[in-house]
Structures are given as structure tokens and as C-alpha cells.
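Here is what each chain is made of, one letter per residue.
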Amino acid sequence: AAQKQMQIKKDNQCHDFEWWDKYVFMRLTGRHHPWHPDNKKYHKVSCGNHEAKSCEACPQGNGSEWCNGDCSWCHLQNKCFAVEDKAKLCPPKKVGLKEAARRRRDLEKN
């Protein structure tokens, strides 16, 4: 069944979302479709049981209990960071806050 679908797609010259976004939507509107992964306006992170525009917005005043999913809580700074950024921005206790600030600036430059 899968091979049949692939052949139909090939015969009909069907295109995927990426193609449609690039060659149709972008040319007509000059911007990506709202659901496109590069459209940061609509990008949300999973905080566990809810979503937010960024990990920093996950806690909503509730502290570490609301920082889960794509995000992780830094007890040293009492902030919520993206899981992949936590190691750089929330150092273990042996690294001081000055080093953490330097790493944060370095990350923002990239």
C-alpha cells in the first residue's frame, strides 16, 4: 500500500508542505505559512502540561513546578531554561555566576 501511494505521489507530482510554503505561499505573501517551523511568532515550547512562547514564560509565577517538558529549572538562578541550553546557562555550583553570565552572552551572540 505504501509503495502504491509513493507511485501515485510521483505520478501526480505531488509536493510536500515545504515545497508549497517555498514556491506558493512565500511567493504570494512574502512570508512563511504560520505553521512553518521557521515562523517564530507561532513557535511554542512544551512546559509539561501547558505551552508558552519561551521557557522563561513557562513558570507564570509558579516556580519550578511549571518548568518541565522542553524546559528545565535552574535552582541556582531560579529560572527556567531550554533543556539544551541549561548546561551552558545554569552551571554546576563549582562554576560561578560570572561564568554563567559570560556563557549566556556567548550563547546570545550565536
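Refer to the structure above for everything that follows.
Note that the structure is predicted; figures quoted are calculated from it, not measured.

Enquirer: Even after reading the chapter, I still don't get the overall build of the protein, so can you show me in this structure?
Expert: Helix and strand counts for the protein come out as 4 helices and 4 strands. Going from N to C terminus, the protein has its helices and strands arranged as α-α-β-β-β-β-α-α. Relative to the globule expectation of 13 Å for 110 residues, the C-alpha radius of gyration of the protein, 20 Å, shows a markedly less compact shape. Here the C-alpha coordinates of the protein stretch approximately 60 × 30 × 25 Å along the principal axes.

Enquirer: What's the story with unusual backbone geometry in this structure? I'm lost.
Expert: With the exception of glycine, most residues fall at negative phi, and the peptide bonds are largely trans. Positive phi outside glycine occurs at Gln60, with the angle close to 50°. Note on placement: Gln60 falls in the loop between β2 (51–52) and β3 (71–74). Positive phi values are uncommon outside glycine, yet Asn78 reaches one of about 55°. For Asn78, the location among the structural elements is in the loop between β3 and β4 (79–82).

Enquirer: How should I be thinking about the nonpolar core in this particular structure?
Expert: Within soluble globular proteins, side chains that are nonpolar generally end up buried alongside one another. Of all hydrophobic cores here, the largest spans 10 residues; its members are Val45, Cys47, Ala52, Cys55, Cys58, Cys67, Cys71, Trp73, Cys80 and Ala82. Mapped onto this core, the elements with two or more residues apiece are β3 and β4. With residues up to four places along the chain from it excluded, the contact list for Cys55 reads Val45, Asp70, Cys71, Cys80, Phe81 and Ala82.

Enquirer: Looking at this structure, how should I read the side chain of Asp21?
Expert: Its location among the elements puts Asp21 in helix α2 (residues 17–29). The charged side chain of Asp21 is buried without a salt bridge, its nearest counter-charge being Arg31 at 8.1 Å. Excluding anything up to four places from it in sequence, Asp21 contacts Met26, His32, His33 and His36.

Enquirer: How should a nonpolar patch on the surface be read in this particular structure?
Expert: Where nonpolar side chains cluster on the molecular surface, the patch consists of Phe17, Trp19, Trp20, Tyr23 and Trp35 and spans about 560 Å² of accessible area. Within the fold, Trp19 resides in helix α2. Look at Trp19 and you get partly exposed, because its relative accessible area is 32%.

Cut-offs used in this document
- Residues numbered from 1 in each chain as written.
- Predicted model: local features only at pLDDT ≥ 70, side-chain atom pairs only at ≥ 80, totals over all residues.
- Heavy atoms only, no water.
- Helix = DSSP H or I, 4+ residues; strand = E, 2+ residues; numbered from the N terminus.
- Rg over C-alpha atoms; globule rule 2.2 N^0.38 Å.
- Core = buried A, V, L, I, M, F, W, Y, C linked by side-chain atoms within 4.5 Å.
- Buried < 20%, exposed > 50% of the residue type's maximum accessible area, 1.4 Å probe, protein only.
- Contact = heavy atoms within 4.5 Å.
- Lys, Arg positive; Asp, Glu negative; His and termini not counted.
- Salt bridge = Lys/Arg side-chain N within 4 Å of Asp/Glu carboxyl O.
- Patch = residues over 30% accessible without salt bridge, like charges linked within 9 Å, V, L, I, M, F, W, Y side chains within 5 Å.
- Areas by Shrake-Rupley, 256 points an atom, 1.4 Å probe, with all protein chains shown as cover.

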